[in-house]
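Observations on chain architecture
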Amino acid sequence: MQNLQISDQAATKLHDMAEQEHVSSSELIELLIKKHSDELTKQRELKDFFRAFQKDMSSFSFDREDANAR
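A short tour of the structure in this document, coming up. Treat the numbers as computed from the prediction; the structure is a model and nothing was measured.

Side note on the environment of Gln9
The topology assignment puts Gln9 in helix 1 (residues 8-21). Between the alpha carbons of Gln9 and Leu31 there is a distance of 20 Å; along the sequence they are 22 residues apart.

Details of a nonpolar patch on the surface
Nonpolar side chains collect at one region of the surface, where Leu46, Phe49, Phe50 and Phe53 lie side by side and expose about 450 Å² of accessible area between them. Its place among the elements puts Phe50 in helix 2 (residues 25-51). Residue classification places Phe50 among the partly exposed residues on the basis of a relative accessible area of 44%.

Brief notes about the packing of helix 1 against helix 2
Packing of helix 1 against helix 2 brings their axes to within 9 Å, and their N-to-C directions diverge by 85 degrees. Compared by their axis directions, helix 1 and helix 2 come out roughly perpendicular. Across from Leu14, His15, Met17, Ala18 and Glu21 in helix 1, the residues of helix 2 making contact are Ser25, Leu28 and Ile29.

Things to note about helix 1
Think of an α-helix as 3.6 residues a turn; residues three or four steps apart then line up on the same face. With 14 residues, helix 1 should reach 20 Å at 1.5 Å per residue; the first-to-last C-alpha distance of 20 Å fits that figure. In the stretch just after helix 1, His22 is the one whose phi turns positive, near 60 degrees.

A short note on the packing of aromatic side chains
A ring pair, where both rings are aromatic, is described by two values, the distance of the centres and the angle of the planes. Counted according to the given criterion, the structure contains 3 aromatic pairs. Centroid distance Phe49 to Phe50: 4.9 Å. Interplanar angle 85 degrees. Geometry classified as edge-to-face. With a centroid separation of 5.6 Å and an interplanar angle of 55 degrees, the aromatic rings of Phe49 and Phe53 are classed as tilted. Looking at Phe49, the relative accessible area reads 51%, which means it is exposed.

Side note on the pattern of salt bridges
Here the structure, examined in full by the defined rule, presents 3 salt bridges. With a shortest N-O distance of 3.7 Å, Lys42 and Glu39 are connected by a salt bridge. With Lys42 and Glu39 both in helix 2 and 3 residues apart, this pair spans about one turn of that helix. On the accessibility criterion, Lys42 (44% relative accessible area) is partly exposed.

Concerning the environment of Val23
In this structure, Val23 sits in the loop between helix 1 and helix 2. As for Val23 and Ser37, which are separated by 14 residues in sequence, their C-alpha atoms are 20 Å apart.

Criteria and cut-off values
- All residue numbers refer to positions counted from 1 along the written sequence of the respective chain.
- It should be noted that, the model being predicted, local features are given only for residues of pLDDT at least 70 and side-chain atom pairs only at 80 or more, the latter also being counted only at that level, while totals for whole chains, interfaces and linings use all residues.
- Side-chain numbers come from the whole structure's heavy atoms, not from hydrogens or water.
- Put simply, DSSP marks the helices as runs of H or I at least four residues long and the strands as runs of E at least two long, and each gets a number from the N terminus on.
- Put simply, a patch holds well-exposed residues, over 30% relative accessible area, that have no salt bridge, with like charges counted together within 9 Å and Val, Leu, Ile, Met, Phe, Trp or Tyr side chains within 5 Å.
- Here the open area of atoms and residues is found with the Shrake-Rupley method and a 1.4 Å probe, where only the protein chains shown may cover a residue.
- A carboxyl oxygen of Asp or Glu within 4 Å of a side-chain nitrogen of Lys or Arg is what we treat as a salt bridge.
- Buried, partly exposed and exposed residues are distinguished by accessible area as a fraction of the type maximum, computed with a 1.4 Å probe on protein chains only: under 20%, between the cut-offs, and over 50%, respectively.
- To obtain an axis, a line is fitted to C-alpha atoms, over the contacting stretch when the element is a helix, and the angle between two such axes runs from 0 to 180 degrees between their N-to-C directions.
- We call two directions roughly parallel when the angle between them is under 35 degrees, roughly antiparallel when it is over 145, roughly perpendicular when it lies between 65 and 115, and oblique otherwise.
- Here, residues are in contact when the closest pair of their heavy atoms is within 4.5 Å.
- Helices are assigned an expected span. That span is 1.5 Å times one less than the residue count.
- Two aromatic rings from Phe, Tyr or Trp, using only the six-membered ring of Trp, form a pair when their centres are within 6.5 Å; if the ring planes differ by under 30 degrees the pair is stacked, by over 60 it is edge-to-face, and anything between is tilted.

See below:
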């Protein structure tokens, strides 16, 4: 296990958050890491899902006069 060096301000905030959650500081860090990992997984899954719907629109141009004529 590695030692974590953080500023006094960050340590104080970590301690306060851990007290609010009724867990130790190390448990809170583990929870935050797991939550972050879950969020990254969710983002990756959403990107994979919407990849099929992405189309190249760089050559698209909108002509208002032509659209109004229809």
